[in-house]
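Take a look at the letters that make up each chain.
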There are 2 protein chains.
Amino acid sequence: MTEFRLDPKLDSDCFTLGKMQISQLLLMNNALAPWFILVPEVEAAELYQLDNDIQQQILAEINQLSEFITQEYITDKLNVAAIGNIVNQLHIHIVGRTKSDFCWPNVVWGADQKKTYSDQEVKNITRKLKNSLATFTVLETYT
Amino acid sequence: MTEFRLDPKLDSDCFTLGKMQISQLLLMNNALAPWFILVPEVEAAELYQLDNDIQQQILAEINQLSEFITQEYITDKLNVAAIGNIVNQLHIHIVGRTKSDFCWPNVVWGADQKKTYSDQEVKNITRKLKNSLATFTVLETYT
C-alpha cells in the first residue's frame, strides 16, 4: 500500500486538525458555518467500495462528529455528504447549518461567501474536539 | 409509533418506486441524472440519532443503490448526501454523476435544469431495480 497523501486542494482549503481512527479530520477554512471534513486514509473514491469494517469506522466517526457539532454549535440541520466532483479523493463533509446562516437553505458547496478563521479560533475548535472525541489525536501544529 | 407519511414535497418531486428493508425508494423526476432517494421510515431527522441497527440497514441500502447505479449507468462519481435544509424528513440522495452531465462539477441540489421521465422510462428503471436489489419490493403502480 502506498503512503496516503491528502489531496492538494483539500490541503489548501482546510486546516488538517488531526486524526480520528481511520480518517484525517479537516476544518474548512470558512467560519461562516461549522464545516468539518473526514478524509478516510483509503484508496477507494466511493464509500460502497470499502470493506464493511472500514465503513463501520467511518460511520462511527460521522456519528461522533455529528454529535460534536450539535453539542458545540447552534444548528437546525446537519448536512452530511460524500460528493467528490471536484476533489476525487474520498471525503465526507459534515456541516452544521442554521436557518440564519450565509447560504440557507441552499447547500454550502458552490456558495462563494467566505470568512477565514483566526489561528486562535482554530486552536479553540481543536481543543474542544480533543475534549469531546475519544479517538481524536491533535496534530502538533494546533496544540 | 405514528404511521409514517412521506413528506409532501418529496412526494410531488419524485416517483415512489417501492420499498427497501427500512426505506422507501424514490426516483427524482429528473432524467438528466440517475437520482435516487432513500427515505428511511423513521422519525429522526438526522442519521446520528438513529440506533445502530437502523443505521446498518440504511448503510446496506446505500451500498446496494450505489452498486446498482454504477452498474446500470455510466458514472464518473457518486454523490451521496443527507441534507434536509428544505425537506426536514430524513432522506438520502444517491446520484450518479458524469463529467458531461447537466451541472457537473456543481452539485445537483439547487440546479434548475430538468427533464421529466416518461411512464415507460420509470417502469424500465423499476424493473431493473427489482432484478438487481434483493430487498426491493415494487409498488403496484410501477409493475
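Residues numbered from 1 in each chain as written. Chains lettered and ligands numbered in written order. Predicted model: local features only at pLDDT ≥ 70, side-chain atom pairs only at ≥ 80, totals over all residues. Heavy atoms only, no water.

Asks: What's the story with the overall build of chain A in this structure? I'm lost.
Replies: Secondary structure summary: chain A contains 3 helices and 6 strands in total. Along chain A, from the amino end to the carboxyl end, the secondary structure elements read α-β-β-β-α-β-β-α-β. Taken over the C-alpha trace, chain A has a radius of gyration of 14 Å; the compact-globule value for 143 residues is 15 Å, and the two agree within 12%. Counting only C-alpha atoms and orienting by the principal axes, one finds that chain A spans roughly 45 × 30 × 25 Å. For chain A, the proportion of its 143 residues judged to be buried stands at 56%. (Helix = DSSP H or I, 4+ residues; strand = E, 2+ residues; numbered from the N terminus. Rg over C-alpha atoms; globule rule 2.2 N^0.38 Å. Buried < 20%, exposed > 50% of the residue type's maximum accessible area, 1.4 Å probe, protein only.)

Asks: In this structure, what is going on with the side chain of Gln89(A)? I would like to understand it.
Replies: Residues and elements named next belong to chain A. Within the element layout of this structure, Gln89 appears in the loop between strand E4 (77-82) and strand E5 (92-97). We classify Gln89 as buried; its relative accessible area is 18%. Of the polar contacts made by the side chain of Gln89, one reaches the backbone nitrogen of Asp7; its length is 2.9 Å. (Polar contact = N/O pair within 3.5 Å; in protein donor to acceptor, adjacent residues only side chain to side chain.)

Asks: Mind showing me how you'd approach the packing of aromatic side chains here?
Replies: In this description, an aromatic ring pair is defined by two values, namely the gap between the centres and the angle between the planes. Across all of its chains, the model carries 5 aromatic pairs over all chains by this definition. A centroid spacing of 6.3 Å and a plane angle of 50° characterise the contact between Trp109(A) and Trp109(B), whose relative ring orientation is tilted. One end of the pair, Trp109(A), is in the loop between E5 and helix H3 (119-132); the other, Trp109(B), is in the loop between strand E5 (92-97) and helix H3 (119-132), on a second chain. Judged by centre distance (5.9 Å) and plane angle (85°), the rings of Phe36(B) and Phe68(B) are edge-to-face. Linking Phe36(B) in strand E3 (residues 35-40) with Phe68(B) in helix H2 (residues 52-72), this pair joins segments that are 32 residues apart in sequence. An identical accessibility class is assigned to Phe36(B) and Phe68(B); each is buried. (Phe/Tyr/Trp six-rings, centres within 6.5 Å; stacked < 30°, edge-to-face > 60°.)

Asks: Mind showing me how you'd approach the pairing of strand E1 (residues 14-19) of chain A here?
Replies: Regular strands place their side chains on alternate faces of the sheet. Residue and element names in this part refer to chain A. Counting buried residues along E1, 5 of its 6 residues qualify, which places the element largely inside the surrounding structure. Relative to strand E2 (residues 23-28), E1 runs antiparallel, the two being bridged by 5 bridges. Within E2, the residue paired with Cys14 across the bridge is Met28. The hairpin turn running from E1 into E2, its antiparallel successor, is 3 residues long. One ladder, built from 2 bridges, connects E1 with strand E6 (residues 137-138); its direction is antiparallel. Looking across to E6, one finds that Lys19 is bridged to Thr137. (Pairing = 2+ DSSP bridges.)

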